[in-house]
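Observations on the model geometry
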Amino acid sequence: MKTTFTCFSAVALAVLLTGCNSSTNPPTSATGDPDTGSHASTDTHDDHGHPEHGPHGGELVELGKEAFHAELVHGADGISMYVLDSSATKPVPIAADKLVVSLKHDGQVASFDLSANPDTNDPPEQSSRFTSVDEKLDQWLDAGAEGAVTIEIEGKSYTGNVTHDHEGHDHEGHDH
């Protein structure tokens, strides 16, 4: 019942968010720091105290007025979503088997599962990383689908806007 409610809430939110963009701030230029091999940017939003991109180089999804963040990474190996702390720099492992992302594209709404795929430092029975190789999810994100993800963290439900912005970041290394 709880999963049905979560999915319904995410779908309803996705429908309401059609046409909204998750960020009103244009991307900032690079800092000029030497490349350390990391895809993560050290730039910060003007009104936020966290990086513009997550530690894996992905787009940040605000959860609960920045109580937490999710990082959406869309690349050649599929789609990953990482659960992060309020600073968007540290992983937050949660006890979930999957995350459900609900998207709207071309008048259609669909839900996609990202399965728990724990990072090496995640404790047993918890994961901070969730992944999918669903081709339809990949195609919908490429086409600019928007929606929401609802994540339960520490017994509280958080919903964040999901988009994949092709403008404002380099697609080198992405196989779109």
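For the structure, check the block above.
In what follows, the accompanying structure is described. Nothing here was measured: the structure is a model prediction, and the numbers come from that model.

Some words on the packing of aromatic side chains
Inspection of every chain in the model, using the stated rule, returns two aromatic pairs. Seen in terms of ring centroids, Phe 68 and Tyr 158 are 5.2 Å apart; in terms of plane orientation they differ by 70 degrees. Their pairing is edge-to-face. Here Phe 68, found in strand β2 (residues 68–75), pairs with Tyr 158, found in strand β8 (residues 156–162); they are 90 residues apart in sequence, far enough to count as distant. Its relative accessible area of 10% is what places Phe 68 among the buried residues. Measuring from ring centre to ring centre gives 5.6 Å for Phe 112 and Trp 140, while their planes differ by 75 degrees; the resulting arrangement is edge-to-face. Taken together, the residues Phe 112 in strand β5 (residues 108–116) and Trp 140 in helix α2 (residues 135–142) connect sequence positions 28 residues apart.

Some details on the environment of His 69
With respect to the helices and strands, His 69 occurs in strand β2. With 21 residues separating them in the primary sequence, His 69 and Lys 90 have C-alpha atoms 9.7 Å apart. Side-chain polar atoms of His 69 contact the backbone oxygen of Asp 85, separated by 3.1 Å.

What to know about α2
Buried residues of α2: Leu 137, Trp 140 and Leu 141, and no others. Down the axis, α2 shows its buried residues gathered within 100 degrees of arc, on one side only. Where the residues of α2 are buried, they touch β2, β3 (78–84), β4 (98–105), β5 and β6 (129–132). With a side-chain oxygen positioned 2.8 Å from the backbone nitrogen of Lys 136, the residue opening α2 is Asp 134. Two residues or fewer past α2, Gly 144 is found with a positive phi of approximately 90 degrees.

Overview of the nonpolar core
Core analysis: the biggest nonpolar cluster contains 26 residues, and Leu 63, Met 81, Ile 94, Leu 103, Val 149, Ile 151 and Ile 153 have the highest contact counts within it. Each residue touching Leu 103, except ones within four places of it in the same chain, is listed here: Gln 108, Val 109, Ala 110, Phe 112, Leu 137, Trp 140, Leu 141, Ala 145, Glu 146, Gly 147 and Val 162.

Some points on the sheet that holds β4
Taken together, eight strands build an open sheet; the order of strands is β1-β2-β3-β6-β5-β4-β7-β8 and the sheet is antiparallel. Looking at strand neighbours, the two that pair on one side only are β1 (59–63) and β8, the edges of this open sheet. In this sheet, adjacent strand axes meet at a mean angle of 25 degrees when their direction is disregarded. Along the sheet, α2 contacts β2, β3, β4, β5 and β6; its crossing angle with β5, the most-contacted strand, is approximately 120 degrees.

Considerations on the pattern of salt bridges
Under the definition given, this model contains two salt bridges. For Asp 113, the salt bridge identified is with Lys 98, shortest N-O distance 3.4 Å. Taken together, the positions of Asp 113 in strand β5 and Lys 98 in strand β4 put the pair 15 residues apart, joining distant regions of the chain. On the basis of relative accessible area, Asp 113 is assigned to the partly exposed category, the value being 40%. Owing to a relative accessible area of 38%, Lys 98 belongs among the partly exposed residues under this scheme. One salt bridge connects Arg 129 with Asp 119, and the closest N-O pair in it is separated by 2.9 Å. One end of the pair, Arg 129, is in strand β6; the other, Asp 119, is in the loop between β5 and β6, with ten residues separating them in the sequence. Taking the relative accessible area as the measure of exposure, Asp 119 reaches 21% and is therefore partly exposed.

Scoring rules and cut-offs
Numbering of residues begins from 1 in every chain and follows the order in which that chain's sequence is written. The model is predicted, so local features are restricted to residues of pLDDT at least 70 and side-chain atom pairs to those at 80 or more, both for listing and for counting; the totals for chains, interfaces and linings are taken over all residues. Side-chain numbers here rest on the full set of heavy atoms in the structure, without hydrogens or water. The pairing test for Phe, Tyr and Trp rings, Trp by its six-membered ring, is centres within 6.5 Å, and the orientation test on the planes gives stacked under 30 degrees, edge-to-face over 60, and tilted for anything in between. Secondary structure follows DSSP: runs of H or I at least 4 residues long count as helices, runs of E at least 2 residues long count as strands, and numbering of each begins at the N terminus. Exposure classes here rest on a 1.4 Å probe applied to the protein chains alone. A residue is buried below 20% of its type maximum, exposed above 50%, and partly exposed in between. Each polar contact in these results corresponds to two N or O atoms within 3.5 Å; when the atoms are within protein, one needs to be able to donate a hydrogen and the other to accept it, and residues that are neighboring in sequence are counted only if both atoms are side-chain atoms. Think of the arc as the fan of directions from the helix axis to the C-beta atoms. We call two residues in contact when some of their heavy atoms are within 4.5 Å. For this analysis, a nonpolar core means a set of buried residues of the types Ala, Val, Leu, Ile, Met, Phe, Trp, Tyr and Cys, connected via side-chain atoms within 4.5 Å. Pairs of strands are assigned from DSSP output, requiring at least two bridges between the strands. Simply put, an axis is a line fit to the C-alpha atoms, just over the touching stretch for a helix, and the angle between two N-to-C directions goes from 0 to 180 degrees. One side-chain nitrogen of Lys or Arg within 4 Å of one carboxyl oxygen of Asp or Glu is enough to make a salt bridge.

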